[in-house]
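The primary structure of each chain is shown beneath.
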Amino acid sequence: MSFYSSVVSKVLFLFDPEKIHTFTIKWLSFLQKVPGVQAYMRWHFGIKPDSSLEREVFGIKFPHPVGLAAGLDKNAAAFEMLGAMGFAFVEVGTVTPRPQSGNPKPRLFRLKEDKAIINRMGFNNYGVEAMVKKLQKRHTKVIVGGNIGKNEVTPNENAVQDYVDCFNALYPYVDYFVINVSCPNQVNLRELQEKGPLMAIVQALVDAEIKLTGKKAKPILLKISPDLTNSQLDDIIDIVNETGIAGVVATNTTTTRDNLPSYSKEYIESIGKGGLSGAPETKRSTEVIRYVHEKSNGAFPIIGVGGIITPEDAYEKLQAGASLVQIYSGFIFEGPSLIKKICKYIVEKNK
Ligand SMILES: Cc1cc2nc3c(=O)[nH]c(=O)nc-3n(C[C@H](O)[C@H](O)[C@H](O)COP(=O)(O)O)c2cc1C
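**Brief notes about the sheet that holds strand β11 (residues 275-278)**
Here's step 1: If you trace the three strands from one edge of the open sheet to the other, you get β5-β6-β11, paired in antiparallel fashion. In this open sheet, the two edge strands, each paired with only one partner strand, are β5 (108-111) and β11. Pairs of neighbouring strands in the sheet enclose a mean axial angle of 20 degrees, with direction left out of account.

**Topic: the packing of helix α8 (residues 230-243) against helix α10 (residues 282-295)**
Here's step 1: Contact geometry of α8 with α10 gives a least axis separation of 10 Å together with a crossing angle of 50 degrees. Taken together, the axes of α8 and α10 are oblique relative to one another. In the packing of α8 onto α10, the handedness of the crossing is right-handed. Each of N230, L233, D234 and I237 in α8 lies in contact with α10, whose residues at this interface are R284, V288, Y291, V292 and K295.

**Quick look at the sheet that holds strand β7 (residues 143-148)**
Here's step 1: On the basis of which strands lie adjacent, the closed barrel formed by eight strands has the order β3-β4-β7-β8-β9-β10-β12-β13 and parallel pairing. With direction set aside, neighbouring strand axes in the sheet form an average angle of 25 degrees.
Here's step 2: Packing of α10 onto the sheet brings it into contact with β9 (220-224), β10 (247-250) and β12 (302-305), and relative to β12 it is tilted by some 165 degrees.
Here's step 3: Sheet strands in contact with helix α11 (residues 311-320) are β12 and β13 (324-327), and its direction is about 145 degrees off that of β13.

**Notes on the pattern of salt bridges**
Here's step 1: Scanning the entire structure with this criterion turns up twelve salt bridges.
Here's step 2: With a closest N to O distance of 2.7 Å, E18 and R107 form a salt bridge. Taken together, the positions of E18 in helix α2 (residues 17-31) and R107 in the loop between β4 (89-95) and β5 put the pair 89 residues apart, joining distant regions of the chain. Considered together, E18 and R107 belong to a single accessibility category, that of buried residues.

**Comments concerning the nonpolar core**
Here's step 1: Counting residues in each nonpolar core, the largest one holds 90 residues, and the members touching the most others are L82, I148, Y163, L170, I179 and I224.
Here's step 2: Considering each element in turn, this core owes the most residues, seven residues, to helix α7 (residues 195-213).
Here's step 3: In this structure Y163 touches I148, G149, K150, I179, N180, V181, L189, L192, I201 and L205, once residues within four positions along its chain are discounted.
Here's step 4: Counting residues in hydrophobic clusters, the runner-up holds 16 residues, among them V57, A69, I303 and L324.

**Examining unusual backbone geometry**
For residues besides glycine, phi is generally negative; the peptide bonds are generally trans as well.
Here's step 1: With an omega of 15 degrees, the peptide bond running from G93 to T94 counts as cis.
Here's step 2: With respect to the helices and strands, T94 occurs in strand β4.
Here's step 3: Residue P106 follows K105 across a cis peptide bond; omega there is 0 degrees.
Here's step 4: Relative to the assigned elements, P106 resides in the loop between β4 and β5.
Here's step 5: The residue A76 is not glycine, and still its phi comes out positive at about 55 degrees.
Here's step 6: Mapped onto the elements of the fold, A76 is located in the loop between β3 (66-68) and α4 (79-84).
Here's step 7: At N297, a residue that is not glycine, the phi angle is positive and equals roughly 55 degrees.
Here's step 8: Along the chain, N297 falls in the loop between α10 and β12.

**A closer look at the packing of aromatic side chains**
Here's step 1: Inspection of the entire model under this criterion finds 13 aromatic pairs.
Here's step 2: Between F87 and F331 the ring centres are 5.0 Å apart and the planes differ by 65 degrees, which places this aromatic pair in the edge-to-face class. Pair noted here: F87 is in the loop between α4 and β4 and F331 is in helix α12 (residues 329-334), with a separation of 244 residues, a long-range link. Like F331, F87 is buried.
Here's step 3: Their ring planes at 20 degrees and their centres at 6.1 Å tell us that Y171 and F177 sit as a pair that is stacked. Neither residue differs from the other here; Y171 and F177 are each classed as buried.

**A look at α8**
Here's step 1: The terminal C-alpha atoms of α8, which comprises 14 residues, lie 20 Å apart, in line with the 20 Å expected from a rise of 1.5 Å per residue.
Here's step 2: Within the sequence span of α8, burial applies to L233, I236, I237, I239, V240 and T243. Down the axis of α8, the buried side of the element spans an arc of 160 degrees, and every buried residue falls inside it.
Here's step 3: Elements that come into contact with the buried residues of α8 comprise α7, β9, β10 and α10.
Here's step 4: Directly after α8, the chain includes G244, whose backbone phi takes a positive value near 70 degrees.

About the criteria used
Numbering of residues starts from 1 in each chain and follows the order in which that chain's sequence is written. Under the rules for a predicted model, residues below a pLDDT of 70 receive no local features and side-chain atom pairs below 80 are neither given nor counted, while totals for whole chains, interfaces and linings still include all residues. Only hydrogens and water are removed before side-chain values are computed, so all heavy atoms of the structure are retained for them. Whether two strands pair depends on DSSP finding at least two bridges between them. Only DSSP runs of H or I reaching four residues or more are called helices, and only runs of E reaching two or more are called strands; each is numbered from the N terminus. Helix axes are fitted to C-alpha atoms over the stretch in contact, other axes to C-alpha atoms as well, and angles between N-to-C directions run from 0 to 180 degrees. By definition in this entry, angles of less than 35 degrees are roughly parallel, angles greater than 145 are roughly antiparallel, angles of 65 to 115 are roughly perpendicular, and the rest are oblique. Crossing handedness is read from the near helix: turned anticlockwise from the far helix by less than a right angle, it gives a left-handed crossing, and turned clockwise, a right-handed one. Note on contacts: a residue pair qualifies if any of its non-hydrogen atoms lie within 4.5 Å across the two residues. Salt bridge criterion: a side-chain nitrogen from Lys or Arg within 4 Å of a carboxyl oxygen from Asp or Glu. Note on classification: 1.4 Å probe, protein chains only; a residue is buried when its accessible area is under 20% of the maximum for its type, exposed when over 50%, partly exposed between these limits. To form a nonpolar core, buried Ala, Val, Leu, Ile, Met, Phe, Trp, Tyr and Cys residues must be joined to one another through side-chain atoms within 4.5 Å. Any two of the Phe, Tyr and Trp rings considered here, Trp counted by its six-membered ring, make a pair once their centres fall within 6.5 Å; the pair's planes then place it as stacked at under 30 degrees, edge-to-face at over 60, or tilted in between. Here the expected length of a helix is defined as 1.5 Å per residue gap, with one fewer gap than residues. Think of the arc as the fan of directions from the helix axis to the C-beta atoms.

No statement about biological role is implied by the geometric values presented.
Put into C-alpha cells, the structure is as follows:
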C-alpha cells in the first residue's frame, strides 16, 4: 500500500469531493511556481527512462504510455506539476469558447468502496482565453492535449463554430486535440456523436488547420462513449478513416449503473444523473477498444481510458489495441504511484 492510499487519500476523502478537488488543483498550481518543487516531484515520482516504455504515436514521441485523462485539470492550472508527478502527457479541458459554471452542485460523488466516481460537472471551466494564458507560461516539455467542447447555451446546430473557436485559440499551445462529444453531462451533447453532425465538426477542424498552417500537422482525436452500439462504433471508424484524423480516445464515462456491488440501488438512484467512471467501466471500455482496434484493422491509434485502477487493467487495454492509456479515477483512488506501477509492470511484461 502506498503512502497515498494508506494516509493521504484517507484524509482527502473526509471532505466534499468537489471542494477537495478545487483545493488540490489550487495547491498544485501554487506549488508548481515554487522553485525546486517540480524538480523534487520529478526526482520522487519521475519514471526512469526505458526503451521498452517509449513509443511514437501519431507523430509524437512519448517517454512512456501513461497520461492524465481530461477533466481533472480543466483550466490548465496545474499541468506542469501533474507532468512532474510522472504523467507522460496531460489532457487539459474540456474547455469551451466562453467560461461557464457547469451544473448545480452537488455534482461529484465518490463511491470509494467500488473505486468509482459519478459526476455531472457539465463542462465547468474558465473559457479558452483563460486556458491560453496558462498554456503560454508553459516551461516544461510535458506533452499537452487540448480537449475541446461546446458551451451549454450553444445549440447543437451551431456547435461546429464552438469547436473551431477552441481549436484556433489553442492551436499554438497544445500538442494534440481531442474532440469531446461523448460527455453525458451536457444536454443533448451526445447527439453530436451521430455520423452527420460529427462528420461536420471533424471536417471543420481539418479545414481550420489547413487554413491556419496549410497542412495537417497536429493530431486530432475523437473521444467516444462506452455506451455506443457496435453500429455507432462502425460509424466512428468510418469518420476517422474518411477524414484522416489521428485516432480515438476510448472511452468517456458511462450512463449505466452496473458493477457497483457495495451500494444499494436506492443509494445510487438518489445520486441522480451523471457519468460513471472507475472500476465499474473497466471491462466495457476495454471491449470498445478491442472492437474498434479489430474492426478498423488497427488503422489508427487509440488512447485507452476507463477504469484503469491496477497495472493489469492498463496492460489489458494495451493488449486490446490501445497505443497509450490515461487514468483519472485510478489516480484519485491510488495516487501518483499508480503511474510508476503501470510502467514497471509493462517493463516486466516486455522482458
Ligand atoms: C470528475 C470527472 C470529470 C471529467 N471531466 C471530463 C471532461 O471535462 N472531459 C472529458 O473528455 N472527460 C472528462 N471526464 C472523463 C475522464 O476523462 C475519463 O474518460 C473517464 O473518467 C474514464 O476514466 P477513469 O475510469 O480512469 O476515470 C471526467 C471524469 C471525471 C471523473
